[in-house]
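For reference, the chains in residue letters:
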Amino acid sequence: MPATSPIILHHFDESPFSEKVRIAFGLKDIAWTSVRISRIMPRPDLMPMTGGYRRTPVMQIGADIYCDTQCILRELQRRFPEPTLFPAGNQGIAWATAMWTDRSFFQNTVNLVFGSLADKVPQEFIADREKLRGARFDVAAMKAAIPQMRDQFRAHLQWIETQLSDGQKWMSGDRAGLCDVHAYMNVWYVRQNLPDADGMLAEFGSVRAWEARMRAIGHGHRSEMSTSAALDIAAAATPQTAIMADPNDPNGRKPGDRVEVMPDDYGKVKVAGEIVALSPQHIAIRRHDPRAGEVVVHFPRAGFLVLPA
């Protein structure tokens, strides 16, 4: 079903997680609005909507704000079920691949990229990422670890190659799907940043052909908007999220409870609000901001902590 408000993606072009969503827009042939945010803080027009959540990207539809690509892709599939992200079924394992691609595969990839670019990384970027991670962003250590990171990156590529080794064009069958979207992010990131990407992919013929097919999907139909215009849309809109309880919530949470939500790995900024909707994969909380008005902020459950406020 089409959205009554524009699909707005707050992102920056260099962001690998944003590329994951942009490719999903391409697969589903979606018209969307790009709001370019800075690679580093501050982001004064976005924080009123997210409540401080600062990982990239964020999707906005009116006054509903979707954080983390798990949550964003799930909402896109709900609103735009065809063409599906699951052409061969296997929805459970397809969703679960995010825990591979977004964690171990991504950490390996980001260490390889920044280790290789160590001498070119601006100090203000390093300082920003140390605040995001809550730990040192040690480019010297990343540089020293390049041999190990190359080994591990090759191992991840071999998994993709194996999945494609029977001649199928896509990881999930005869059409591109969520498994492809997840895995492509890290290959794209290396391609964008490392001049020797061809050499790293040379032994993986199926991966190289798959990468070219993924790139050809494109990004759907993109238009541009300012950060201030997006904030104005949120302030003028009313959240559309319906109240939904989860009778099997293992901690007895229910709509109306005050909680704080934050990632469990990095970017551990607590976003406080009142629960609106709950499910095994999703939590939505209502919050108020002087500039954004009333918004509902959506998070996934896997990889996020829900704490009493």
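My aim in this report is to walk through the structure given alongside it, one point at a time. Everything quoted here is computed from the prediction, not taken from an experiment.

### Focus on helix α1 (residues 16-28)
For α1, spanning 13 residues, the distance from its first C-alpha to its last is 19 Å, which sits close to the expected 18 Å at 1.5 Å a residue. Every buried residue of α1 is listed here: P16, F17, S18, E19, K20, V21, R22, I23, A24, F25, G26 and K28. One or two residues past the end of α1 sits D29, with phi positive at roughly 55°.

### Digging into the nonpolar core
Core analysis: the largest hydrophobic core is formed by 64 residues, its most contacted members being L76, F114, I160 and W210. Sorting elements by how many residues they give to this core places helix α8 (residues 178-193) first, with 10 residues. Excluding residues that lie within four positions of it along the chain, L76 makes contacts with I7, V21, A24, F25, K28, I30 and M59. Among the nonpolar cores identified, the runner-up in size contains 25 residues, and L46, V271, I285 and V306 belong to it.

### Details of the sheet that holds strand β1 (residues 8-11)
Spatial ordering of the open sheet is given by β5-β2-β1-β3-β4-β9-β8-β7-β6-β10, a layout of 10 strands whose pairing is mixed. Each edge of the open sheet is held by one strand with a lone partner, namely β5 (221-225) and β10 (304-308). Across the sheet, the axes of successive neighbouring strands diverge by a mean angle of 35°, strand direction being ignored. As paired elements, β1 and strand β3 (residues 58-61) share 3 bridges and run antiparallel to each other. In the strand pairing of β3, I8 is matched with Q60. Against the sheet, helix α3 (residues 69-79) engages β3, β4 (64-67), β8 (282-289) and β9 (293-300), with an angle of about 125° to β4.

Criteria and cut-off values
Residues numbered from 1 in each chain as written. Predicted model: local features only at pLDDT ≥ 70, side-chain atom pairs only at ≥ 80, totals over all residues. Heavy atoms only, no water. Helix = DSSP H or I, 4+ residues; strand = E, 2+ residues; numbered from the N terminus. Expected span 1.5 Å × (residues − 1). Buried < 20%, exposed > 50% of the residue type's maximum accessible area, 1.4 Å probe, protein only. Core = buried A, V, L, I, M, F, W, Y, C linked by side-chain atoms within 4.5 Å. Contact = heavy atoms within 4.5 Å. Pairing = 2+ DSSP bridges. Axes fitted to C-alpha atoms, helices over the stretch in contact; angles between N-to-C directions.

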